[in-house]
Amino acid sequence: MSEDADVSCADTTRSGWKRWFAWAPPRLADWEGLVMRTALAGVATMAAKMAADKALGYSTQPEPTGLARLFDLTFLSDPSINHWSVVFFCLALPFYIAGIGLPVVIGWMLWVQVGMASFCNSQGFIGHTTQVVSLVLLAQWLASLWTLLPGRDGWRGLVTSSTRAMNLSMDWSRQTLAACYVVSAICKVVASGGLWIWKAPLFALQITKANQMQFYSTLEPSPGNMAWLSQLLLDHPALARIIIGSALPLELFAFLMCFNRGVGAIYALLLVIFHSTVSEVMSLGFVFNKFLLLILCVNVPYWLWRWSQRCGDDLT
Amino acid sequence: MLDARAEAATLGGMPVPDLLRRLPLKFTMLMVVVLYLAGEEYPFSPFPMYGDFAERAFYVYVSDAEGRPIATQKVFGQRASDVKKTFETHLRREKEALSKARGRSARLGELPPENVQKAAAATLRWLKSTGPNAPAPTQSERHQLHRVDLSLREGQIVSETGLLGEWP
C-alpha cells in the first residue's frame, strides 16, 4: 500500500470552490507532530486508565470478543498486573511523544489498551467509548511497521521517527477516524433498508428511551428534559428528517476530513458539534471522538501559528 | 503478447499500479471494509448504533423487592444501558437453548415467560456479583428487573411496564 500523504497532488493552486476539494493532505511540520503526539498521549492514557479501572471489577470473560477470543485475558483483572500494565503504559509515553522506538512503544500501548478494553467488552455487553482510540493506535502502529520496509526508513524506523513517518502515522490516524464514521453510515443504510432518513422521526422513541435509562442509572432527573424534542420530532416529521437525517450524510462523507487542512478542520468541527448535540440529547459521551477530531483534524495550534504568521507579516 | 499485457495493465492511459498508487484514501477504504466485515470484535466495530428505527423500543430498570427503583450506577457501578445489553445477551442465550431443545430456530418474541425470568435472574446475578462495586452492598437482598416498553399511539409516546423476574 502506498502512502497517501506522499502521493498528494497538493493542488493548492486551484481557485474557487475547487480549492476546497483539492486533494492535499496536511504536510505536518515536526512541531505539529510533537504537539499532536503529546495530546494523543493524554487521550490514550485517559482511555487506557478508564479500561484498566473497569477491568478490575471483573474476573471472568463470559462473552469473549476480539483478543479475548484468542487469549484468556482474565489475568488483566489481577490488581498487580493491572497496576503495572498502566505504569509501563505511562512510562512509554515520553518515548511515544519523542517518536523513539515507535513500533515497540505503540505496540505496548496498543496491547494494554486493546487487552483491557477487550476484556471489559467480554462481559456480555459491548461499549464503544474507547474503540476509536484503539483504532487510531492500531493505525499508528501499522504506520510505524510500514516505515520499517526497505526503501522507506528501514531499520532506522525502529529507533527514531522521521517527518515522513510522522506524517504517514497522522494521515492513517485521520483516515481511520473518518472510516469509523463512514462505516457507521453504511450500517445505517443497510440496516434500515435505505430508509434511515425517512424513519428519522422515530428517533423520538430513542431519545425518550435514552433519557429514561439515564434516569434509572442515577435516579436524578436529567438536567435537560428532552421530552419536548421527542414530541417535536413526532409532530413535525419533515423537520425530523432534516435535523436527524442530516447525521447520515455527515457521517457518510466524513472522508472529506482527510482532503485538506481547511475542509478537514471545518468538517471535524461539524462532527464535534454533532457529537455535542447527541451528548446533550441522548446523555452519550463521545468524549474520545471529540478529542481525536480536535487533535487530528481541527489542529488548533496550526491555525494559531498561521494567524500569528499573518499578524507578523502585517506588522512588517 | 507483451504489448497485450501492457495494454491490459493500463486504465485511461495510466498503468494500473500507478493509478492505485495515486488513488487517495486507500487506508480509509481498507478500514471501512475491515470494520464492516469484522463485526463486533474489539477494537473493530461497524458502529451500528441507531442503525434502524422501529416503532417500539424498550429498556429495563432494577428495583428492590417492593418495586422501588434503584440507581444502578450508584449502587452497582453499572449504567442502566449496560444492564439492558446484558439482559439482551442472556435472552439470546435462552433463545439459543430453546432452539436447541426444539430442534428449530426460536424467535425472541416466542420465548416462554420462564425463559425470560431465567434471563432476568441471570442479569441480576451478574449485576450484583461483578462490576466495579461488586460484591454489591445489597448482595443478599431480593431485587427485581422490570421492562418498560415504549410505543407510539396517536402521535404520542406511551409506556407500559412489566416485571421480568427477580433474584435471589
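Keep in mind the model is a prediction, meaning the values are calculated, not measured. (Residues numbered from 1 in each chain as written. Chains lettered and ligands numbered in written order. Predicted model: local features only at pLDDT ≥ 70, side-chain atom pairs only at ≥ 80, totals over all residues. Heavy atoms only, no water.)

This paragraph deals with the confidence of the model for chain B. All names here are of chain B. Counting all residues, the mean pLDDT for chain B is 86, and 86% of those residues have values of 70 or more. Looking across chain B, the model is least confident in helix α1 (residues 2-8), with a mean pLDDT of 48, and most confident in helix α3 (residues 26-38), with 96. Scoring of the predicted complex yields 0.88 for pTM and 0.90 for ipTM. (pLDDT = per-residue confidence, 0-100. Helix = DSSP H or I, 4+ residues; strand = E, 2+ residues; numbered from the N terminus.)

The tendency in soluble globular proteins is for nonpolar side chains to be buried side by side. Grouped together as the largest cluster of nonpolar side chains are 119 residues, with contacts concentrated most on M109(A), L177(A), M257(A), L271(A), L292(A), F87(B) and L145(B). Looking at this core, the element that brings in the most residues is helix α7 (residues 163-191) of chain A, giving 12 residues. Ignoring any residue separated from it by four or fewer positions in sequence, one finds M109(A) in contact with A44(A), F89(A), A92(A), L93(A), Y96(A) and L137(A). Within the second largest apolar cluster, 9 residues are counted, among which are L205(A), Y216(A), Y61(B) and A80(B). (Core = buried A, V, L, I, M, F, W, Y, C linked by side-chain atoms within 4.5 Å. Buried < 20%, exposed > 50% of the residue type's maximum accessible area, 1.4 Å probe, protein only. Contact = heavy atoms within 4.5 Å.)

Moving on: the interface of chain A and chain B. On the chain B side, the residues contacting the 72 residues of chain A number 61 residues. Between chain A and chain B the total buried area reaches about 6,000 Å² when both faces are included, carbon and sulfur atoms providing 66% of it. There are 4 salt bridges connecting chain A and chain B. A salt bridge links K74(B) to E220(A); the shortest N-O distance between them is 2.6 Å. (Buried area = accessible area lost by both parts, 1.4 Å probe. Salt bridge = Lys/Arg side-chain N within 4 Å of Asp/Glu carboxyl O.)

Attention now goes to a nonpolar patch on the surface. All names here are of chain A. Residues W17, W20, F21, I266, L270 and I273 make up a contiguous nonpolar surface patch of about 680 Å² in total accessible area. Elements represented by at least two residues in the nonpolar patch include exactly α1 (17-20) and α12 (261-282). Top contributing element to the nonpolar patch by residue count: α12, with 3 residues. Assignment of secondary structure puts W17 in helix α1. (Patch = residues over 30% accessible without salt bridge, like charges linked within 9 Å, V, L, I, M, F, W, Y side chains within 5 Å. Areas by Shrake-Rupley, 256 points an atom, 1.4 Å probe, with all protein chains shown as cover.)

Below, the discussion takes up the sheet that holds strand β5 (residues 156-167) of chain B. Each strand in a sheet pairs with another by means of backbone hydrogen bonds, the pair being arranged parallel or else antiparallel. All names here are of chain B. Pairing in this open sheet of 3 strands is antiparallel, and the strands run β3-β4-β5 from one edge to the other. Every interior strand has two partners, whereas the edge strands, β3 (56-64) and β5, have only one. Going from strand to strand, the sheet's axes swing by 25° on average, the running direction of each strand aside. The pairing of β3 with strand β4 (residues 143-153) spans 9 bridges and is antiparallel. Its bridge partner lying in β4, S63 is registered against Q144. (Pairing = 2+ DSSP bridges. Axes fitted to C-alpha atoms, helices over the stretch in contact; angles between N-to-C directions.)

So, about the packing of aromatic side chains. All chains considered together, the criterion is met by 17 aromatic pairs over all chains. Taking 6.4 Å as the distance between ring centres and 20° as the angle between the ring planes, the aromatic pair formed by F75(A) and W111(A) counts as stacked. Separated by 36 residues along the polypeptide, F75(A) in the loop between α3 (67-70) and α4 (79-98) and W111(A) in helix α5 (residues 102-120) bring together distant segments of the chain. On the basis of relative accessible area, F75(A) is assigned to the partly exposed category, the value being 35%. On the numbers, 4.2 Å between centres and 10° between planes, the contact of Y216(A) with Y61(B) is stacked. With Y216(A) in helix α8 (residues 203-218) and Y61(B) in strand β3, this residue pair bridges two chains. Each member of the pair, Y216(A) together with Y61(B), is buried. One aromatic cluster is present, built from ring pairs that chain together W23(A), F253(A), F255(A) and F259(A). Sitting above the plane of the Y302(A) ring, R261(A) keeps its charged end 3.6 Å from the centroid. Sitting over the face of the ring of F58(B), R147(B) holds its NZ or CZ atom 3.8 Å from the ring centroid. (Phe/Tyr/Trp six-rings, centres within 6.5 Å; stacked < 30°, edge-to-face > 60°. Lys NZ or Arg CZ within 6 Å of the ring centre and 35° of its normal.)

In this section: the confidence of the model for chain A. With 94% of its residues at a pLDDT of 70 or more, chain A has an overall mean of 91. Contacts from residues 1-11 of chain A, a stretch scored under 50 in pLDDT, to residues over four places away or in other chains number 41 contacts.

So, about the pairing of β5(B). Residues and elements named next belong to chain B. The pairing of β4 with β5 spans 11 bridges and is antiparallel. Across the sheet, S151 pairs through a bridge with V158, a residue of β5. Linking β4 back to β5 in an antiparallel pair, the connection comprises 2 residues, with E154 at a positive phi of about 50°.

What follows deals with the packing of α8(A) against helix α9 (residues 227-235) of chain A. All names here are of chain A. At their nearest, the axes of α8 and α9 sit 8 Å apart, and the two run at 170° to each other. It follows from the interaxial angle that α8 and α9 lie roughly antiparallel. Across the interface between the two elements, F203, A204, I207 and T208 of α8 pack against L229, S230, L233 and L234 of α9. Of the residues contributing to the contact of α8 with α9, the split by class is 6 nonpolar, 2 polar and no charged. (Parallel < 35°, antiparallel > 145°, perpendicular 65-115°, else oblique. Nonpolar A, V, L, I, M, F, W, Y, C, P; charged D, E, K, R; others polar.)

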